[in-house]
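Chain residues, written in single-letter form:
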Amino acid sequence: MLLGCLTLLLGISAAAASASHAATSTGWISLGNLSATPASVDIYLYPAGSTSAQLTLPGVAYGTVSPADSVAPGGYSVKIRAAGSSASSTPIWSASLTVQAGHSYLAVSLRTSATQGGIKVLDNSLTPPSGKSLVRVIQADTNQKAVTFHCSCAAGKPGDIVTGAAPGSVSSYATIPPGPWTMTATGPTAKSSAPVPLLADTVHTEIVIGDASGGVKIVSLLDAAGSGEPPAGGAGTGLGGTAPHGPGSLLPWLAIIGAGALLTVTGGGFWLRRKVSQPAAEVPSRPTARV
Amino acid sequence: MLIPRPAAISIAAGLLTLTAGTAGLLLTRQSTPAMRPPPAGVATVPAPAGPVVALSAGPVVAPPAGPSGSARPVTAAGPVPVARPVSLTIPVIGVKTALTRLGLAEGGTLQVPSSATVAGWYTGSPRPGSIGSAVIAGHIDSKTGPGVFFRLPELRVGDRIYVSRADGTTVGFRVTALGTYQKDYFPTGTVYGATPDPELRLITCGGTFDDATGHYLSNTVVYAAETA
């Protein structure tokens, strides 16, 4: 059965995946075709319960993935039809997914063999470890039954992001330091290498696809990126020239008031003392009556 | 009854001083108001001339003729390098500024532009238009008047922002959210964290100005996403 073989319904399980720090309340979705047959497809994204497509990707060739589109959280269905088919025709594959705010999804057609396949829905990580890069591998070449995917960033076997990857498989994320690395995909009958520079705080997907001559190719996707070295704390972007300023200190004014009060009391006291001590001397003596 | 001259002088001087001190105390209890509305001479500016390009360059598939819904090209290529940003235009609030390059200051904090009249792009963040959050900072004011981002808090969801790049291309963004945060609780992950699409963060100061330290206590952040 082709239909629904790899169809995944993301719901509660998606909550466990890492979400973005984004301030927006949206999610994101990328759509792509990683199935060699049919080599070109039309991909539709429908809001749940709607027959009117919200997004249409026509003629998507094998090995191509769209950039992330911002979508509202909620239920969606993805339907894939052979390129040029009527929009009302029965799709080759379909899948449902639930988009959560702050999450980014990748929905692609993917085959496990020449006769079996479906739509794989992945909840992308948006939280690479600080200063590191996350890399995963999708094995999308049914001609290579077991692929080893190696990164030049580490000596020896730990440099293998995945070994013996079967067609249609998706590796877990490997944490890799930033650098100008070379990735190599090695299958039973083909091998290919590609330069893949990794920056800090990025998330990548490396896709192994087959080519027309029986060889393999590496398609490198940048799924998400942040600032490699986030500054600490906020920014000092203002000097206060337009800000309201609070009242100054009370002390200078209280000192002036105190000095004024002291002068007044001193002067008043001096006057009162003079007033009390002078009456007897100043009152003229009653004139003596003369007979 | 006469008041002796020394006492009269003392009392008069005391009362005057008392009155002046009381008046000064009462008058300075009023705070200096914020400078509002925006200064004269700052008006809206037009969006930059020339094409506004989307990031998703690479193999482009022709749009369909039939199916409903929006259609867009897809690419098999990896991320496409974009040129460094050189200027910023925000028509609705009259901002048109060159962009300096910002790194990290001592202590690992964000370096800020040396002039309040220009904004700067943090070179540790992605370039505007490439995947991730490009970060641009500018002053809300100098010591004497408004800075380049004085009117940033007036932006609303849906307003457009344009960044011109060294190769002559311009990338457009749409405001998706605004936030004001105390600097002690600055949301580093939200502002600088990874995103799957090309986004923009504009940072300036906001909130209360602390006269004692000479700094604002908060930051205002404008979030924007690339327009198709």
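Residues numbered from 1 in each chain as written. Chains lettered and ligands numbered in written order. Predicted model: local features only at pLDDT ≥ 70, side-chain atom pairs only at ≥ 80, totals over all residues. Heavy atoms only, no water.

1. Quick look at the side chain of Asp141 of chain A
- If you trace the backbone, Asp141 of chain A turns up in the loop between β10 (133–139) and β11 (147–151).
- One buried charged residue, Asp141 of chain A, forms no salt bridge at all, with the nearest opposite charge on Lys145 of chain A at 7.9 Å. (Helix = DSSP H or I, 4+ residues; strand = E, 2+ residues; numbered from the N terminus. Buried < 20%, exposed > 50% of the residue type's maximum accessible area, 1.4 Å probe, protein only. Lys, Arg positive; Asp, Glu negative; His and termini not counted. Salt bridge = Lys/Arg side-chain N within 4 Å of Asp/Glu carboxyl O.)

2. A look at the packing of aromatic side chains
- This structure, assessed with the given rule, holds four aromatic pairs over all chains.
- A centroid spacing of 5.0 Å and a plane angle of 70° characterise the contact between Phe209 of chain B and Tyr216 of chain B, whose relative ring orientation is edge-to-face.
- Of the residues examined, Phe209 of chain B reaches a relative accessible area of 8% and is grouped as buried.
- Through pairs of rings, three or more aromatic residues link up here, namely Tyr122, Phe186 and Tyr192 of chain B.
- Residue placement shows Lys79 of chain A over the ring face of Tyr46 of chain A; its charged tip is 5.2 Å from the ring centre.
- Positioned over the ring face of Tyr44 of chain A is Arg81 of chain A, at 4.7 Å from the centre of the ring. (Phe/Tyr/Trp six-rings, centres within 6.5 Å; stacked < 30°, edge-to-face > 60°. Lys NZ or Arg CZ within 6 Å of the ring centre and 35° of its normal.)

3. Side note on the sheet that holds strand β4 (residues 119–122) of chain B
- Strand order in the closed barrel formed by eight strands is β2-β3-β4-β5-β8-β9-β7-β6 (chain B), with mixed pairing between adjacent strands. Going across the sheet, the axis of each strand differs from the next one's by a mean of 35°, ignoring polarity. (Pairing = 2+ DSSP bridges. Axes fitted to C-alpha atoms, helices over the stretch in contact; angles between N-to-C directions.)

4. Quick look at the nonpolar core
- Grouped together as the largest cluster of nonpolar side chains are 22 residues, with contacts concentrated most on Leu88, Ile90, Ile136, Phe149, Ile161, Leu200 and Leu202 of chain B.
- Where this core is concerned, the elements lending two or more residues are β2 (85–90), β3 (95–102), β4, β5 (132–137), β6 (160–165), β7 (170–182), β8 (198–210) and β9 (215–226) of chain B.
- By residue number, the principal contributor to this core is β7 of chain B, which donates three residues.
- With sequence-adjacent residues up to four places away left out, Ile136 of chain B is seen in contact with Leu88, Leu99, Ala119, Gly120, Trp121, Phe149, Val163, Leu200, Arg201, Leu202 and Ile203 of chain B.
- By size, the runner-up hydrophobic cluster in this structure holds 21 residues, among which are Trp181, Val208, Val216 and Ile218 of chain A. (Core = buried A, V, L, I, M, F, W, Y, C linked by side-chain atoms within 4.5 Å. Contact = heavy atoms within 4.5 Å.)

5. Focus: the pattern of salt bridges
All names here are of chain B.
- Under the defined criterion, the tally for this structure stands at three salt bridges over all chains.
- Across the pair Glu154 and Arg151 runs a salt bridge whose closest N-O atoms are separated by 3.1 Å.
- On the basis of relative accessible area, Glu154 is assigned to the partly exposed category, the value being 35%.
- Note on Arg151: relative accessible area 14%, which makes it buried.
- We note a salt bridge from Glu199 to Arg201, for which the minimum N-O separation is 2.9 Å.
- Taking relative accessible area as the criterion, Glu199 reaches 2% and is therefore assigned buried.

6. Comments concerning the state of the cysteines
- Evaluated as defined, the whole model comprises one disulfide over all chains.
- Two residues share a disulfide in this structure: Cys151 of chain A and Cys153 of chain A, whose sulfurs sit 2.4 Å from each other. (Disulfide = S-S within 2.5 Å.)

7. Quick notes on the sheet that holds strand β12 (residues 160–165) of chain A
Residues and elements named next belong to chain A.
- The strand order across the open sheet formed by four strands is β12-β11-β14-β15, and the pairing between neighbours is antiparallel. The open sheet has two edge strands, β12 and β15 (191–198), and neither has a second partner. Strand-to-strand twist in this sheet, taken as the mean axis angle between neighbours without regard to direction, amounts to 15°.
- Note that strand β14 (residues 179–186) and β15 share eight bridges and pair antiparallel. For Thr186, the partnering residue across the bridge sits in β15 and is Lys191.

8. A few points about the confidence of the model for chain B
Residues and elements named next belong to chain B.
- Considering every residue of chain B, the mean pLDDT works out to 81; 74% of them sit at 70 or more.
- Contacts of residues 36–43 to residues separated by more than four positions or lying in other chains number 13 contacts, the stretch itself having pLDDT below 50.
- Below pLDDT 50 for its whole length, residues 53–77 participates in 62 contacts with residues either more than four positions away or in separate chains.
- This complex was scored by the predictor with a pTM of 0.77 and an ipTM of 0.76. (pLDDT = per-residue confidence, 0-100.)

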